[in-house]
Amino acid sequence: VSAALKQGQITPTELCQKCLSLIKKTKFLNAYITVSEEVALKQAEESEKRYKKGHSLGDLDGIPIAVKDNFSTSGIETTCASNMLKGYVPPYNATVVQRLLDQGAVLMGKTNLDEFAMGSGSTDGVFGPVKNPWSYSKQYREKRKQKPSGENEDSNWLITGGSSGGSAAAVSAFTCFAALGSDTGGSTRNPAAHCGIVGFKPSYGLVSRHGLIPLVNSMDVPGILTRCVDDAAIVLGVLAGHDPKDSTTIQDPGKPFMLSSLTDVSKLCIGIPKEYLVPELSSEVRSFWSKAANLFESEGAKVIEVSLPHTSYSIVCYHVLCTSEVASNMARFDGLEYGHRCDIDVSTEAMYAATRREGFNDVVRGRILAGNFFLLKENYANYFTKAQKVRRLIANDFVNVFNSGVDVLLTPTTLSEAVPYLEFIKEDNRTRSAQDDIFTQAVNMAGLPAVSVPVALSNQGLPVGLQFIGRAFCDQQLLTVAKWFEKQVQFPVIQLQELMDDCSSVFENEKLASVSLKQ
């Protein structure tokens, strides 16, 4: 679509209006919390002036994007899908948002999530759950026709995964071309797999966290959601780099991130972690994982089984560290400086307690409670310190595998394809997160780059994603391999024509439709 803008096939304003139209048509998906229509149209107008003068800022100039609602956006409400921050308007932009805007990107709005990004379904936010666009796809609906009728179609929609489900749904439903998510334990890769798009988690320290409302400072990374790997690389090229406001960012990221087309994979060594073959893994995902490994092998790559021996401890370790940092981070929401404040004025203590009870949901309060328990003086050594030691062992497992000559690890992203909402909510949040993050959270503890790439449709007509994990700061190599794989598997485009009968006419001429919808 960038090429179409440069060639004058479409103007930034027309493109922005088309995406706004699609946002309205897909409002029922609940992907957006705030649609910044006026801001977007103004930004598109500025972009149009630049194109007319021949002063385009680059590939992102005039491109509609969306941002998860836990990134600060100047002058635009930022809620984290919580009562605690309803009405909070930040006075500044997160570094990643500012870098996108500096390149001429057009901000369509802020996307829905689990409250404070705590969850794996995008079902626990105060604005309600996000619906997966694939629930309404031709591919899924045709498969459902073969099943016995009698089920209520309206209540049988599928979850997007989470916690960046709004961003994933926004990209999947064509309402924007790229979106920012956050990834603490898989929150970008998980919904990307369920929504049939690319979800990329950069190496920790490559992209600034300044302005991302923190969940777990030592694991949080801004994530990128796009419809193809090349797009993710373009966005990464804009976001990566040192930020004086985030001391964890590295000085020289080695930009730009332009991907070459890999033609020969024979020099690659792909590792298959044996510990990831868990009993809960669906037979279909296992089959796709196996076929992907065979594909690399048939093209000459070396595919070997590897061991990450401390994998079985990673979920417990992650839970202890995650809740401990959450307890610390959530202490700032006290009703004094910003956000929600209750009416109780009996005492400061009573005001604190009532504000936090009213502002946070059960999931957030539960994690704060658990984290404070682990951080108690009498528990600190037994829980937090031990978890930190196990985290080091988990990180060392990856180091050892990569030092043995492995270039990239190939794993599942999720245990199965997306499940219906009514099935998903049978389990509590903690159980769901432990299951859904099983393949993704160790990467965050080790600070490595990882990307989920859609591979094929399941028997139900739903997307399945596989995950590639790379060496720290070898993000470009990882994305190059992912791009090769993406080209081989030729994942089908979501067909939403029945849902939005004029979806195709929204992108008027065929040539442009092929540019913008082909991925």
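Residues numbered from 1 in each chain as written. Predicted model: local features only at pLDDT ≥ 70, side-chain atom pairs only at ≥ 80, totals over all residues. Heavy atoms only, no water.

Asks: Explain the overall build of the chain here, please?
Replies: Tallying secondary structure elements over the chain gives 19 helices and 11 strands in all. Expected size for 519 residues packed as a compact globule is a radius of gyration near 24 Å; at 22 Å, the chain falls within 12% of this value. Projecting the C-alpha coordinates of the chain onto the three principal axes gives extents of approximately 65 × 60 × 55 Å. Taking all 519 residues of the chain together, the buried fraction comes to 59%. Restricting to contacts in the chain with at least 6 residues of sequence separation, those with at least 24 account for 78%. (Helix = DSSP H or I, 4+ residues; strand = E, 2+ residues; numbered from the N terminus. Rg over C-alpha atoms; globule rule 2.2 N^0.38 Å. Buried < 20%, exposed > 50% of the residue type's maximum accessible area, 1.4 Å probe, protein only. Contact = heavy atoms within 4.5 Å.)

Asks: I keep staring at the nonpolar core and nothing clicks. Help me out?
Replies: Generally speaking, soluble globular proteins have nonpolar side chains that are buried together. Core analysis: the largest hydrophobic core is formed by 135 residues, its most contacted members being M108, F116, F398 and F468. Not counting chain neighbours up to four residues away, the residues in contact with F468 comprise F296, V408, L409, L410, P449, A450, V451, V453, L478, V481, A482 and F485. By size, the runner-up hydrophobic cluster in this structure holds 17 residues, among which are Y136, F174, I494 and L496. (Core = buried A, V, L, I, M, F, W, Y, C linked by side-chain atoms within 4.5 Å.)

Asks: Please explain the pattern of salt bridges as it appears in this structure.
Replies: Any two side chains of opposite charge can pair, given that their charged atoms come close. Tallying each qualifying case throughout the model produces 12 salt bridges. We note a salt bridge from R209 to D246, for which the minimum N-O separation is 3.8 Å. A residue pair is termed long-range when its members are at least 10 positions apart, and R209 in the loop between β5 (198-201) and β6 (221-226) and D246 in the loop between α8 (229-239) and β7 (269-273) qualify at 37 residues. With relative accessibility at 16%, the residue R209 sits in the buried group. Looking at D246, the relative accessible area reads 5%, which means it is buried. (Salt bridge = Lys/Arg side-chain N within 4 Å of Asp/Glu carboxyl O.)

Asks: Is there a simple way to explain the pairing of strand β9 (residues 408-412) in this structure?
Replies: It is a general feature of regular strands that their side chains alternate between the two faces of the sheet. For β9, the buried fraction is high: 5 of the 5 residues fall into the buried class. Note: β7 against β9, 2 bridges, orientation parallel. What sits directly across from G271, in β9, is L409. Two elements, β9 and strand β11 (residues 463-469), share 4 bridges in a ladder whose sense is antiparallel. (Pairing = 2+ DSSP bridges.)

Asks: How should the sheet that holds strand β10 (residues 450-457) be read in this particular structure?
Replies: Strand pairing in a sheet relies on backbone hydrogen bonds. The paired strands run either parallel or antiparallel. Strand order in the open sheet formed by 11 strands is β1-β3-β2-β4-β6-β5-β10-β11-β9-β7-β8, with mixed pairing between adjacent strands. If you trace the sheet from one side to the other, it starts and ends with β1 (32-35) and β8 (302-306), each paired once. Taken pair by pair, the neighbouring strands of this sheet meet at an average axis angle of 30°, ignoring direction. Seen against the sheet, helix α2 (residues 12-25) touches β1, β2 (64-68) and β3 (106-111) and runs at an angle of roughly 20° to β3. Across the face of the sheet, α8 comes into contact with β4 (178-183), β5, β6 and β10 while running at roughly 145° to β6. (Axes fitted to C-alpha atoms, helices over the stretch in contact; angles between N-to-C directions.)

Asks: What is the right way to read helix α9 (residues 283-298) from this model?
Replies: In this model, α9 (16 residues) spans 22 Å end to end at C-alpha, consistent with the 22 Å of a helix rising 1.5 Å per residue. Of the positions making up α9, those classed as buried are V285, F288, W289, A292, A293 and F296. Looking straight down α9, one finds its buried side chains confined to an arc of 135°; they lie on one side. Exposed and facing more than 90 degrees away from the buried side of α9 are S283, K291 and S298. (Expected span 1.5 Å × (residues − 1). Arc of directions from axis to C-beta.)

Asks: So what exactly am I meant to see when it comes to helix α6 (residues 165-172) here?
Replies: One turn of the α-helix equals 3.6 residues, which is why residues spaced by three or four share an orientation. Of all 8 residues that make up α6, 8 are buried, and the element is covered over most of its length. For α6, the complete set of buried residues consists of G165, G166, S167, A168, A169, A170, V171 and S172. On its buried side, α6 packs onto β1, β2, β3, β4, α7 (189-195) and β6. Looking one or two residues beyond α6, the residue adopting positive phi is F174, at roughly 70°.

Asks: Just checking my understanding: could you explain the side chain of N112 for this structure?
Replies: Its location among the elements puts N112 in the loop between β3 and α5 (138-145). A polar side-chain atom of N112 sits 3.1 Å from the main-chain carbonyl oxygen of N30. Only 3.1 Å separates the side chain of N112 from the backbone oxygen of G128, close enough to count as a polar contact. With near-sequence residues (within four places) excluded, N112 lies in contact with N30, A31, Y32, I33, A81, F127, G128, V130, S163, G165, G166 and S167. (Polar contact = N/O pair within 3.5 Å; in protein donor to acceptor, adjacent residues only side chain to side chain.)

Asks: Honestly, unusual backbone geometry in this entry has me stumped. Any pointers?
Replies: Glycine aside, residues mostly have negative phi angles, and peptide bonds mostly take the trans form. Residues G162 and S163 are joined by a peptide bond in cis, for which omega reads 10°. One non-glycine residue with positive phi stands out, namely C80, at about 55°. Position of C80 among the secondary structure elements: in the loop between β2 and α4 (95-102). In this structure, F174 takes a positive phi of about 70° despite not being glycine.

Asks: How do you make sense of a nonpolar patch on the surface when you look at a structure like this?
Replies: A cluster of nonpolar residues, F373, L376 and Y383, forms a patch on the protein surface that exposes about 250 Å² of accessible area. When its relative accessible area of 37% is taken as the criterion, L376 is described as partly exposed. (Patch = residues over 30% accessible without salt bridge, like charges linked within 9 Å, V, L, I, M, F, W, Y side chains within 5 Å. Areas by Shrake-Rupley, 256 points an atom, 1.4 Å probe, with all protein chains shown as cover.)

Asks: Explain the confidence of the model for the chain here, please?
Replies: Interpretation of the predicted coordinates at a detailed level should be avoided for regions scoring low in pLDDT. The pLDDT averaged across the chain works out to 92; a share of 92% of its residues lies at or above 70. Contacts for the low-pLDDT stretch residues 502-519, under 50 throughout, to residues beyond four places or in other chains number 30 contacts. (pLDDT = per-residue confidence, 0-100.)

Asks: Help me understand the pairing of β10, please; the structure alone is not making it clear to me.
Replies: Taking burial as the measure, the 8 residues of β10 include 7 buried ones, the bulk of the element. In this sheet, β10 lies alongside β5 in antiparallel orientation, the contact comprising 3 bridges. Paired with K201 across the two strands is A450, which belongs to β10. Sheet topology places β10 next to β11; 7 bridges connect them, and they run antiparallel. Each bridged residue has a counterpart across the sheet, and for P454 the counterpart in β11 is G465. Between the end of β10 and the start of β11, which pair antiparallel, lie 5 residues, with G461 showing a positive phi angle near 80°.

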